[in-house]
Amino acid sequence: QVQLVESGGGLVQPGGSLRLSCAASGFTFSTYYMGWFRQAPGKEREFVGTISASGLSTYYGNSVKGRFTVSRDNAKNTVFLQLNSLKPEDTAVYYCAAATTVAAMSNNGVPYWGKGTLVTVSS
């Protein structure tokens, strides 16, 4: 049974940082692309970033490029999202995702989702 469990969300001030984690189980983690999406209130879920199975390649959405970093630890079956220079518009539920290809890393293509962790950016 595939499980993706996010943690690390919370309240942070504008300009601050946060690190999200996603612990994976039930599949061969080291062979999957891992990614992060987010959904703000009243908006559609959007792509944040993804990392290849080896960890050598990363891709980001335009709104977070240069501020957020995806990394992974294949020995611990965990993927991370480092959020820096946070803005109020980054407030959202952040979801972990797993897919076998980068092409599948989309709202309609991802087969496995976590339940999400809330990040609130506010003073």
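Residues numbered from 1 in each chain as written. Predicted model: local features only at pLDDT ≥ 70, side-chain atom pairs only at ≥ 80, totals over all residues. Heavy atoms only, no water.

Visitor: Any chance you could explain the pairing of strand β8 (residues 78-83) here in plain terms?
Guide: In regular strands, side chains alternate between the two faces of the sheet. β8 sits mainly inside the fold: five of its six residues count as buried. Across six bridges, strand β3 (residues 18-25) lies against β8 in antiparallel orientation. Among the inter-strand pairings, C22 is bridged to a residue of β8, identified as V79. Of the strand pairs in this sheet, strand β7 (residues 68-73) and β8 are connected by six bridges, and their pairing is antiparallel. Looking at β8, one finds that S71 is bridged to F80. (Buried < 20%, exposed > 50% of the residue type's maximum accessible area, 1.4 Å probe, protein only. Helix = DSSP H or I, 4+ residues; strand = E, 2+ residues; numbered from the N terminus. Pairing = 2+ DSSP bridges.)

Visitor: Which parts of the structure should I look at to understand the environment of G109?
Guide: Residue placement: G109 occurs in the loop between β9 (92-99) and β10 (112-113). By relative accessible area, which is 29% here, G109 ends up partly exposed. Sequence-wise, G109 and Q39 are 70 residues apart; in three dimensions their C-alpha atoms are separated by 16 Å.

Visitor: Looking at this model, I keep getting lost on the side chain of R67. Mind explaining?
Guide: Inspection of the secondary structure puts R67 in the loop between β6 (58-60) and β7. On the accessibility criterion, R67 (11% relative accessible area) is buried. For R67, the side chain forms a polar contact with the main-chain oxygen of S85, separated by 3.0 Å. Sequence-distant contacts of R67, defined by excluding residues within four places in its chain, comprise Q82, L83, N84, S85, L86, K87 and D90. (Polar contact = N/O pair within 3.5 Å; in protein donor to acceptor, adjacent residues only side chain to side chain. Contact = heavy atoms within 4.5 Å.)

These results come straight from atomic positions and should not be treated as a statement about function.
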